Amino acid sequence: MGSGFFSSWTFWALLSATFAALTAIFAKIGIENVNSDFATLLRTIVVLVSLALILYATGQYQSLGSISAKSYLFLLLSGLGTGASWLCYFRALKVGPASLVAPVDKLSVVFVAVLGMVLLGEKLDLRQWGGIGLITAGVVMLALRR
């Protein structure tokens, strides 16, 4: 992994953040007169078809037999987590402002740091924990009512 700010992983992470921001805005507009759970289903269909087309166009399919049982289990759990997250996110967008829902949703950054340390043995230094603390403080400041 590169260590510079614009290493490969940061490029993709910044693109992910950009698309996540667009997702929040587009979803907030799109769910105006739609049940949030049904909107999540429609979004999921779009994601599924898009990914299938990308895999087909780039020849990235792999044999299902080449995937270990452990990988299947954790991909299943990840998929269930994604589904639950999307349902909750769209429900929050339905009733709250996108400018507050999206930042609170980003507490996932803090949760990942803590779970990465506890479950994966990842180490963060004082500077990195300071950043996590700032994210937490920012979310709290945004979410508090006046």
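All residue numbers refer to positions counted from 1 along the written sequence of the respective chain. Selection of residues for local features in this predicted model requires a pLDDT of at least 70, selection of side-chain atom pairs for listing and counting requires 80 or more, and totals for whole chains, interfaces and linings are taken over all residues. For the side-chain quantities, the full set of heavy atoms in the structure was used; hydrogens and water were omitted.

By the naming in an unreviewed UniProt entry, the protein chain is EamA family transporter, taken from Pseudomonas fitomaticsae.

## Some thoughts on the pattern of salt bridges
Put simply, a salt bridge is a Lys or Arg side-chain nitrogen that is within 4 Å of an Asp or Glu carboxyl oxygen. According to the stated counting rule, one finds three salt bridges in the structure shown. When the shortest N-O distance is used, the salt bridge between Asp 37 and Arg 91 registers 2.4 Å. Taken together, the residues span a long stretch of sequence, with Asp 37 in helix H2 (residues 36-58) and Arg 91 in helix H3 (residues 69-95) at a distance of 54 residues. Look at Asp 37 and you get partly exposed, because its relative accessible area is 29%. The partner of Asp 125 in a salt bridge is Arg 127, with the nearest N and O atoms 4.0 Å apart. Exposure categories follow from relative accessible area, calculated using a 1.4 Å probe and restricted to protein chains: below 20% of the type maximum is buried, above 50% is exposed, and the middle band is partly exposed. We classify Asp 125 as partly exposed; its relative accessible area is 36%. For the purposes of this entry, the term helix denotes a DSSP run of H or I that reaches at least four residues, the term strand denotes a run of E that reaches at least two, and both are numbered from the N terminus.

## Some points on helix H1 (residues 8-30)
The first and last C-alpha atoms of H1 sit 32 Å apart over 23 residues, in line with the 33 Å expected at 1.5 Å per residue. When H1 is considered as a whole, its buried residues turn out to be Thr 10, Ala 24 and Ala 27. Multiplying 1.5 Å by the residue count of a helix minus one yields the expected span of that helix.

## Section: the UniProt feature "domain: EamA" (unreviewed entry) in the protein chain
Cross-referencing UniProt, the feature "domain: EamA" (unreviewed entry) maps to residues 8-143 in the present numbering. The span residues 8-143 shows a helical share of 83% and a strand share of 0%, and its end C-alpha atoms are spaced 32 Å apart. UniProt positions are given in the numbering used here, feature names are shortened, and annotations may be inferred rather than shown by experiment.

## Notes on the packing of helix H4 (residues 98-105) against helix H6 (residues 126-143)
At a minimum axis separation of 9 Å, H4 and H6 run at an interaxial angle of 150°. Between H4 and H6, the angle is such that the two are roughly antiparallel. The crossing of H4 and H6 is left-handed. Across the interface between the two elements, Leu 100, Pro 103 and Val 104 of H4 pack against Val 139, Leu 142 and Ala 143 of H6. The nonpolar class holds Ala, Val, Leu, Ile, Met, Phe, Trp, Tyr, Cys and Pro. Asp, Glu, Lys and Arg form the charged class, and all remaining residues, Gly among them, are polar. Of the residues contributing to the contact of H4 with H6, the split by class is six nonpolar, no polar and no charged. For helices, the axis comes from a line fit to the C-alpha atoms of the stretch in contact; other axes are also lines fit to C-alpha atoms, and the angle between any two N-to-C directions lies between 0 and 180 degrees. We call two directions roughly parallel when the angle between them is under 35 degrees, roughly antiparallel when it is over 145, roughly perpendicular when it lies between 65 and 115, and oblique otherwise. Rotating anticlockwise by less than a right angle from the far helix to the near helix defines a left-handed crossing, while the corresponding clockwise rotation defines a right-handed one. Note on definitions: a residue-residue contact is assigned when non-hydrogen atoms from the two residues lie within 4.5 Å.

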